[in-house]
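Residues per chain are reported as follows:
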Amino acid sequence: MKLKMTAIAALAASSIGAAQASEVTVGMITTLSGGGAGLGVDVRDGFQLALDMAGEHNIKLVVEDDAQRPELAVQIAERMIQSERADILTGIIWSNLAMAVVPSTVAQDIFYLSPNAGPSALAGANCHPNYFNVAWQNDMLHEGAGAYANELGYENTFIMAPNYPAGTDALAGFKRYYEGNLAGELFTQVGQTDYAAEIAQIRASGADSIFIFLPGGMGISFMRQYEQSGVDLPIVSAAFTFSQDILPAVGEAALGVFNASQWSPDLDNDANAAFVAAFQGAYGRLPSLYASQGFDTANLILSATAKADVQDRDAFREALREADFTSVRGDFAWAPNQHPIQRVYIREVVEVDGVITNRIVGVAFDEHRDVHGENCPM
Amino acid sequence: MSLALVLEQLLNGVQFGLMLFLMSAGLTLVFGVMGLINLAHGSLYMIGAFLCAALAAATGNFWLGLMAGIAGAAAAGALIEILVIRRLYARDHLDQVLATFALILILSEGVRMIFGPFPLYLNVPDMLRGSVDLGITRYSLYRLALIGFGVAVALGLWLLIAKTRLGIQIRAGESDREMIAALGVNIRWLYTVVFALGAALAGMAGALVGAIQSVQVGMGEPVLILAFVVIVIGGIGSIKGAMVGALLVGVIDTMGRFLLPRIAGLFLDTSQAMGVGAALASMLIYLLMALVLIFRPQGLFPAHG
C-alpha cells in the first residue's frame, strides 16, 4: 500500500519536474521482521529522516524486507534492478546477505552503499568502484574492543561470536589488537536464543573477562541469561551488542559495559545534536548506531545527487568519492577501498534519567582504517 | 573438562528439553486428536511471551504476566480453532499448512502493529533471580525453577490424560475420531478444548522462556522447527514420545554444541575447530531425526501402536 502510494507520488512528481536532473531510485533491502528487525527498522528510519530533513529532492525510495534470508535478498535485488530500475541499492544489515547481493549488483553497474554490513571479503581484493561502505569494515569496532581490553588490563579473555562472515571478522578483529591469552573461543549459531551451554564453558574456562559480538535479539538473550548465571566476569564488546535498539530490553544487566563505536548519541557536534533531536521528535525513541548509519548513507546520496546526474555513473561515482556531507560521527573520509577512515570511540553503558544508553568515555583509535584495504587494487 | 562442567551442561540440556516438551506436547496432541498440522503453534508461543511481558511491565508482577500469557494464548487458540481451524479438518494436509502458515504471517504482523518491531523487556521474577550453589557448580536459580516447572506440568498433563474423563475422550479421539463422535461425545467441543490446551502450553513456554530470552516478533518459529523435530523423533501424536524426544533433542543439542568443537580441536587448530564443531553441532539433531526416520519411521513411541 505504502509502496504504491510512493510510486504514484513519484510518478506525479516526475511528470511535473521532467526538466530537472533524472530521478534517483534507491532500493533499500533490509531486515524488518524476525530477531534482526530492530536493526533494519533503525537504518530505514534514519535514512527516511535524512530525506525528510532535506525537504525537496528527487529521490524515490523503495523499501523491502529481506527477513534476514540471503536467497530472499538476492531475489529482491534482482527485482529492484530489473523492474524498479534502481540506480542505487542499500540497506543490508547482515554480512552473509551482503556477500550474496553486493558482487552481482555492482557488476551490473548499480551502486551499492552499505549502511551496515562490511565483510572483509569485500574490503580487500574484491573491492569494487561501485561499492561504498558508509559504516565501517566489520573488523574495525572489534579492533577497538581488543585494544581497550589491553588498556583495562585483561589478560585471559573468552571470546564468542555467531558463525557467519561478520562473526569471524569480529573475532579476527579483536585478536588483531588484543595482547593477552584467550581463555576460550566459541562460535554460536546465527539467531541462537539459548546460551546456557556457552555460559557453562565460560564459567569453567578460568577467564578474567569476556568479549562478545551478538547483535540484535542474540545480545538480549545472552545478557539476560548471563546475568542470571552467577558468572560475573566483566564484558568488553563492540557497539552492536550494546546498541540503543536492544538496551531497553536488556535492562540493567548492560550497565557498565565498555563497547567500541564510531558513533554515540552524546557525540558532541552540531550535526549529531540535530540528528538525535530530530530522530527523537519523529520516532519517539533514541537512535541507535544503525540509525546514524542510515542517516549518513542518505546524506551521502543527497550530496552526490546535488553534484551529478546518477545516469552518468562515472560523474556520480566521483561525487560519492568526494563525500561532501556532514557525517553525524564527525570527520568522514574514504580510504582507497571506499571504506571509512574514522575515529573509534569507547562508550560505557549508563543510565541517564531512567533511560539506559551509552556515553563516550575514551578514544580507541584516531583515523582508523581497516587492514584489508591493502589488498584492494583501487 | 571437569565434572562440574558436564553436570552443568546436562542440567542445561534437560532444562532446554523440558521447555521443548511444553511446545511439542500441544503440537503432538493437536496432530494426534485432530490430524491437523498446525504451523501457527509458534505464534501462540509468541503471544504468551508478549502478553506476559506487557502485563509484567504494567503491574510489576511476573506471575500475573505468566497467568495472562497462559490464559491469553489459550483464548487465542480457542478463537483460532473456532474461526479458522474448524474448517480445515476435512481438508488435505497441504491446505492446513497453507492456512496455518497464513496465520503465522497475520499474527506476527498483528503483534508488530500492537507492540512495535523492537523487543520487549521481561525479566525473571525477583524471587528466582541469581544463582544457587549446587555443591560442585553454581547454577541459575531460574533455570532450576524451569526444570521443576516442566516436570510438574508434564506430571499434570499425564494425570489429565490418564485419569480424567477429558483424558479418556482425548485418547479415544486419537484412536478413532468417527467412533467417539458416534458415541455421543461432542467432538467439536473436544477439538476446541484440545486446541486451547495445546495453545496454553505453548503460551506458558513462551512466557517462561521469554524471561531469559528476547521477547520479539518471530521468536516462535525457530522453536516450532525444533518442536516438529521432537514429535517426529518421538512419534506423532504421542505425549510420551514428545517427552522422550524433547529430552533427547535438548540434551543432544546442548552436549553437541559443547563437545563437538572440542573433538574437532583434536585434529584442527582452534579457530577452524570452532567453526567446524559449531557447524556439525547445529546439524546433530537433524541427523538424529534422519536416523529415526530410517530405522523407525513411526517414531520412537508411535501413538497408534
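Residues numbered from 1 in each chain as written. Chains lettered and ligands numbered in written order. Predicted model: local features only at pLDDT ≥ 70, side-chain atom pairs only at ≥ 80, totals over all residues.

1. Section: the overall build of chain B
Here is the rule we go by: Per the convention used, a helix needs a DSSP run of H or I reaching at least four residues, while a strand needs a run of E reaching at least two, with both numbered from the N terminus. The globule rule used for comparison is 2.2 Å times the number of residues to the exponent 0.38, while the radius of gyration itself is calculated over C-alpha atoms. Buried, partly exposed and exposed are defined by the number of other C-beta atoms within 10 Å of a residue's own C-beta, namely 20 or more, between the two limits, and 12 or fewer respectively, with C-beta atoms placed from the backbone. We call two residues in contact if the C-beta atoms placed from their backbones are at most 7 Å apart.
Helices and strands together make up the secondary structure of chain B, namely 11 helices and 2 strands. In chain B, the succession of α and β elements from N to C terminus is α-α-α-α-β-β-α-α-α-α-α-α-α. A globule of 305 residues ought to have a C-alpha radius of gyration of about 19 Å, and chain B, at 20 Å, matches this closely. Judged by the C-alpha coordinates and their principal axes, chain B covers about 65 × 50 × 35 Å. When burial is assessed residue by residue, chain B has 52% of its 305 residues classed as buried. Taking the contacts inside chain B whose residues are at least 6 apart along the sequence as the reference set, 77% of them involve residues at least 24 apart.

2. Observations concerning the overall build of chain A
A count of helical and extended segments in chain A gives 12 helices and 13 strands. Relative to the 2.2 N^0.38 estimate, which gives 21 Å for 378 residues, the radius of gyration of chain A is 20 Å and therefore close to what a compact globule would have. Seen through its C-alpha atoms, chain A measures out along the principal axes to roughly 70 × 45 × 40 Å. Buried residues in chain A amount to 59% of all 378 residues. Counted over contacts in chain A with a minimum sequence separation of 6, partners at least 24 positions apart contribute 73%.

3. A short note on the domain arrangement of chain A
All names here are of chain A. Going by this rule: Domain segmentation is taken from an automatic or database assignment of domains.
Assigned domains within chain A: domain 1 (2–136 + 267–334) and domain 2 (139–261 + 343–375). Averaged C-alpha coordinates put domain 1 and domain 2 at centres separated by 27 Å. The interface of domain 1 with domain 2 comprises 23 residues on the first partner and 26 residues on the second. Among the secondary structure elements, those contributing two or more residues to the side of domain 1 that touches domain 2 are helix 2 (37–54), helix 4 (95–107) and helix 11 (289–305).

4. Details of the nonpolar core
Basically, it comes down to this: Note on terminology: a nonpolar core is a set of buried residues of type Ala, Val, Leu, Ile, Met, Phe, Trp, Tyr or Cys, with members joined through C-beta atoms within 7 Å.
Of all hydrophobic cores here, the largest spans 222 residues; its most connected members are Cys-52, Val-194 and Ala-205 of chain B. With 16 residues, the top contributor of residues to this core is helix 1 (residues 3–34) of chain B. Both domain 1 (2–136 + 267–334) and domain 2 (139–261 + 343–375) of chain A contribute no fewer than three residues apiece to this core.

5. Concerning helix 6 (residues 165–175) of chain B
Residues and elements named next belong to chain B. The line we're drawing: Taken from the helix axis, the directions to the C-beta atoms give the arc we talk about.
Every buried residue of helix 6 is accounted for by Gln-169, Ile-170, Gly-173 and Glu-174. Buried residues of helix 6 fall within an arc of 140° about the axis and therefore sit on the same side. Check the buried side of helix 6 and you find it contacts helix 1, helix 5 (141–163), helix 7 (177–182) and helix 8 (187–210).

6. Some thoughts on helix 11 (residues 270–295) of chain B
Here is the rule we go by: Multiplying 1.5 Å by the helix residue count minus one yields the expected span of that helix. Consider a residue and the seven residues that end there alongside the seven that start there; fitting an axis to each set, the bend is the angle between those axes.
With 26 residues, helix 11 of chain B extends 36 Å from end C-alpha to end C-alpha; this agrees with the ideal 38 Å at 1.5 Å per step. Along helix 11 of chain B, the largest kink reaches about 40° and is centred on Leu-284 of chain B. Within the span of helix 11 of chain B, buried status applies to Ala-273, Met-274, Gly-277, Ala-278, Ala-281, Ile-285 and Val-292 of chain B. At its buried positions, helix 11 of chain B is contacted by strand 7 (181–188) of chain A together with helix 9 (220–234) and helix 10 (239–265) of chain B.

7. Focus on the pairing of strand 4 (residues 111–114) of chain A
All names here are of chain A. Our working definition: Two strands pair under a simple rule: DSSP has to find at least two bridges between them. Seen with its strands pointing away from the viewer, a crossover is right-handed if its path from the first strand over the helix to the second goes clockwise.
Burial along strand 4 is two-sided: Phe-111 and Leu-113 and Tyr-112 and Ser-114, pointing in opposite directions, are all buried. One ladder, built from 3 bridges, connects strand 3 (residues 88–90) with strand 4; its direction is parallel. Bridging across to strand 4, Leu-89 finds its partner in Tyr-112. Once the chain exits strand 3 it traverses helix 4 before rejoining the sheet at strand 4, and the crossover so formed is right-handed.

8. Looking at the interface of chain B and chain A
Formally: Put simply, Ala, Val, Leu, Ile, Met, Phe, Trp, Tyr, Cys and Pro go in the nonpolar bin, Asp, Glu, Lys and Arg in the charged bin, and everything else, Gly too, in the polar bin.
Residue-level contacts link 39 residues of chain B with 34 residues of chain A. Of all elements in the fold, only helix 1, strand 2 (138–140), helix 5, helix 10 and helix 11 of chain B reach the threshold of two or more residues within the side of chain B that touches chain A. Counting residues per element, the side of chain B that touches chain A draws most heavily on helix 11 of chain B, at 7 residues. The residue inventory of the side of chain B that touches chain A, partitioned by class, reads 17 nonpolar, 17 polar and 5 charged.

9. With respect to the packing of helix 7 (residues 196–205) of chain A against helix 1 of chain B
Formally: Fitted lines through C-alpha atoms serve as axes, helices being fitted only where they are in contact, and the angles separating the N-to-C directions of these axes extend from 0 to 180 degrees. With respect to orientation, any angle under 35 degrees is reported as roughly parallel, any angle over 145 as roughly antiparallel, any angle of 65 to 115 as roughly perpendicular, and every other angle as oblique. For any helix crossing, the convention is left-handed if the near helix is rotated counterclockwise from the far helix by under a right angle, and right-handed if that rotation is clockwise.
Here helix 7 of chain A crosses helix 1 of chain B at 165°, and the two axes come no closer than 9 Å. Taken together, the axis directions place helix 7 of chain A and helix 1 of chain B in an arrangement best described as roughly antiparallel. The element helix 7 of chain A and its partner helix 1 of chain B pack so that their crossing is right-handed. Residues Ala-196, Ala-197, Ala-200 and Ala-204 of chain A of helix 7 of chain A touch helix 1 of chain B, and the partners they reach there are Ala-4, Leu-5, Glu-8, Gln-9, Asn-12 and Phe-16 of chain B. For the contact of helix 7 of chain A with helix 1 of chain B, the per-class residue count stands at 7 nonpolar, 2 polar and 1 charged.

10. Quick word on the environment of Arg-86 of chain B
By the secondary structure assignment, Arg-86 of chain B is in the loop between helix 3 (62–83) and helix 4 (93–115). In this structure Arg-86 of chain B comes out as partly exposed when scored by C-beta crowding, with 15 C-beta atoms within 10 Å.

11. Quick notes on unusual backbone geometry
All names here are of chain A. With a phi angle near 55°, Arg-85 is a residue other than glycine that sits in the positive phi range. With respect to the element layout, Arg-85 can be found in the loop between helix 3 (70–82) and strand 3. Note on Arg-85: 12 C-beta atoms within 10 Å, which makes it exposed.

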